[in-house]
Amino acid sequence: MPDRTVEYQDEQGRLFVIRAPADLVQMQDALEQRHHQFIITHWEELAAASLSGYRQAGEGVLIISEASPPSSKALQTSFAIHRLAYATPEALSILQEGLQVLHWLSDQLEQYDPQHTILLLFATAGEPRAYAVDGDPPPPQALRFVQAINN
């Protein structure tokens, strides 16, 4: 299945290359733009979680789902909560086989290098969206960075 690629450079000069399935009907819509912004904003954490999942379970995909934000009168503004899970190819096969995005992810799983690329599946209310992302810093450096700030 062919890819389409978008490149971004953030304010710090870091480069991000985001690939997605080329034949999806909803290409480059507002939802995908939000996903791209989320990836760039949370790159270190996503790359660290992906590499940690790989080291523990082998090749796989980081699944991102949105949870309902807490409702509290003490909070002036609400905020988004995202849940992360790591799924191996076996776990993905349990999902609906007819989803094009899962076929694309299966192809990516056969050829990606977890030292450089993370595979993401956004579990949205509509059809899930998948991305393969290379970013700066690469996953091993991102993992060291996240571990350092958490110690």
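Residues numbered from 1 in each chain as written. Predicted model: local features only at pLDDT ≥ 70, side-chain atom pairs only at ≥ 80, totals over all residues. Heavy atoms only, no water.

**Description of the packing of helix α2 (residues 43-57) against helix α5 (residues 139-150)**
As a packed pair, α2 and α5 sit with axes 8 Å apart at the nearest point and diverge in direction by 105°. The angle between the axes of α2 and α5 places the two elements in the roughly perpendicular class. For the pair α2 and α5, the contacting residues are Trp 43, Glu 44, Glu 45, Ala 47, Ala 48, Leu 51, Ser 52 and Arg 55 in the first and Pro 139, Pro 140, Ala 142, Leu 143, Phe 145 and Val 146 in the second. Looking at side-chain class alone, the contact of α2 with α5 contains 10 nonpolar, one polar and three charged residues. (Axes fitted to C-alpha atoms, helices over the stretch in contact; angles between N-to-C directions. Helix = DSSP H or I, 4+ residues; strand = E, 2+ residues; numbered from the N terminus. Parallel < 35°, antiparallel > 145°, perpendicular 65-115°, else oblique. Contact = heavy atoms within 4.5 Å. Nonpolar A, V, L, I, M, F, W, Y, C, P; charged D, E, K, R; others polar.)

**Points about the nonpolar core**
Of all hydrophobic cores here, the largest spans 17 residues; its most connected members are Ile 39, Leu 46, Leu 120 and Val 133. Listed by contribution, the elements that provide at least two residues to this core are β2 (15-21), α1 (30-41), α2, β3 (61-67), β5 (117-123) and β6 (129-134). Those residues in contact with Leu 120 that lie beyond four places of it in its chain are Ile 39, Leu 46, Val 61, Leu 62, Ile 64, Leu 105, Arg 129, Ala 130, Tyr 131 and Val 133. Ranked by size, the runner-up nonpolar core spans 15 residues in total, among them Val 61, Ala 87, Trp 104 and Leu 109. (Core = buried A, V, L, I, M, F, W, Y, C linked by side-chain atoms within 4.5 Å. Buried < 20%, exposed > 50% of the residue type's maximum accessible area, 1.4 Å probe, protein only.)

**Here's the deal with the environment of Pro 138**
Mapping Pro 138 onto the fold places it in the loop between β6 and α5. Placed 24 residues apart in sequence, Pro 138 and Pro 114 show a C-alpha to C-alpha distance of 9.2 Å.

**Some points on the side chain of Gln 108**
Counting through the fold element by element, Gln 108 comes out in helix α4 (residues 100-111). A distance of 2.8 Å separates a polar atom in the side chain of Gln 108 from a polar atom in the side chain of Arg 19. Setting aside chain neighbours within four positions, we find Gln 108 in contact with Asp 3, Arg 19, Leu 119 and Ala 132. (Polar contact = N/O pair within 3.5 Å; in protein donor to acceptor, adjacent residues only side chain to side chain.)

**Side note on the pattern of salt bridges**
One pass over the full model with this rule turns up six salt bridges. Where Arg 4 meets Glu 32, a salt bridge forms, and the shortest distance between an N and an O atom there is 2.8 Å. Taken together, the residues span a long stretch of sequence, with Arg 4 in strand β1 (residues 3-9) and Glu 32 in helix α1 at a distance of 28 residues. Each member of the pair, Arg 4 as well as Glu 32, is classed as buried. For Arg 129, the salt bridge goes to Glu 32, with nearest N and O atoms at 4.0 Å. Here Glu 32 lies in helix α1 and Arg 129 lies in strand β6, a separation of 97 residues in the sequence. Assigned by exposure class, Arg 129 and Glu 32 land together as buried. Each member of the salt-bridge network shares a partner with another, and the members are Arg 4, Asp 29, Glu 32 and Arg 129. (Salt bridge = Lys/Arg side-chain N within 4 Å of Asp/Glu carboxyl O.)

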